[in-house]
Amino acid sequence: SQTIHQWPATLVQPVGSPLSLECTVEGTSNPNLYWYRQAAGRGLQLLFYSVGIGQISSEVPQNLSASRPQDRQFILSSKKLLLSDSGFYLCAWSHGGANYGYTFGSGTRLTVV
Amino acid sequence: AQSVTQLGSHVSVSEGALVLLRCNYSSSVPPYLFWYVQYPNQGLQLLLKYTTGATLVKGINGFEAEFKKSETSFHLTKPSAHMSDAAEYFCAVIVSGGYQKVTFGTGTKLQVIP
């Protein structure tokens, strides 16, 4: 069966520090991968998606970047965190077909102080 | 482009009462519709989905939703609320294209009062 792992679960980082969040999927190949951010009181905002290795699409201009160095690995990064980067970050994967929906990771709670 | 509107950011029901969470969508092509549930500090879990076929779909934990094309709605219901249903619920729509991209509603927090 397919599983998705996301870590760390919680993270407290000072302003200006770098960030690296990792997401891996097991039990499938060539998944579509997604990073979402969920800020307090707001819905889910799609940050990045990837349909293959090295292929990254950004949905909103921001202080973050994403990379996909391997088929089932998706990394969210920042060189210098801002206070506004605080939030709950969710990784998700899907098959190519639209009717499968997404499977989400357990999320990372990032607090920038 | 597709969009999703969830009416009511907070809904309170008594334990044992009917749960009704509203979702309306906008899409120029036949949509695929989903409901997800999120418990505090956890990821989203798929409750149910509508793709094609029967318009009344049943999901986990006793939830169901009905796709009504004429009303562009996909409301989530459960006959009798349980304390464990307290969570945030997200409606989502997908329109098939070159890649799969989901549009989520802003979520509805369900409070169950004992």
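Figured I'd write up the structure that's included with this text. (Residues numbered from 1 in each chain as written. Chains lettered and ligands numbered in written order. Predicted model: local features only at pLDDT ≥ 70, side-chain atom pairs only at ≥ 80, totals over all residues. Heavy atoms only, no water.)

**A short note on the interface of chain B and chain A**
Point 1. Contacts between the two partners involve 21 residues from chain B, matched on the other side by 25 residues from chain A.
Point 2. Of the roughly 1700 Å² buried between chain B and chain A on both sides combined, carbon and sulfur atoms contribute 55%.
Point 3. Our count for the contact surface shared by chain B and chain A stands at 0 salt bridges.
Point 4. Connecting chain B to chain A are 6 residue pairs in polar contact (both at pLDDT 80 or more).
Point 5. The element best represented in the side of chain B that touches chain A is strand β4 (residues 32-38) of chain B, accounting for 4 residues.
Point 6. Its residues assigned to classes, the side of chain B that touches chain A comprises 9 nonpolar, 9 polar and 3 charged. (Contact = heavy atoms within 4.5 Å. Buried area = accessible area lost by both parts, 1.4 Å probe. Salt bridge = Lys/Arg side-chain N within 4 Å of Asp/Glu carboxyl O. Polar contact = N/O pair within 3.5 Å; in protein donor to acceptor, adjacent residues only side chain to side chain. Helix = DSSP H or I, 4+ residues; strand = E, 2+ residues; numbered from the N terminus. Nonpolar A, V, L, I, M, F, W, Y, C, P; charged D, E, K, R; others polar.)

**Looking at the state of the cysteines**
Point 1. Counted according to the given criterion, the structure contains 2 disulfides over all chains.
Point 2. With a sulfur-sulfur separation of 2.0 Å, Cys23(A) is cross-linked through a disulfide to Cys91(A). Classification of the bridge connecting Cys23(A) and Cys91(A) rests on its S-S torsion, roughly -75°, and on that basis the disulfide is left-handed. Here Cys91(A) lies in strand β9 (residues 87-94) and Cys23(A) lies in strand β3 (residues 19-26), a separation of 68 residues in the sequence.
Point 3. Each sulfur in the disulfide pair Cys23(B) and Cys91(B) lies 1.9 Å from the other. The sign of the -65° torsion about the S-S bond sets the Cys23(B)-Cys91(B) disulfide as left-handed. Residue Cys23(B) is located in strand β3 (residues 19-26), and its partner Cys91(B) is located in strand β9 (residues 87-94); the two are separated by 68 residues in the primary sequence. Pair check on accessibility: Cys23(B) and Cys91(B) agree, each one buried. (Disulfide = S-S within 2.5 Å. Buried < 20%, exposed > 50% of the residue type's maximum accessible area, 1.4 Å probe, protein only.)

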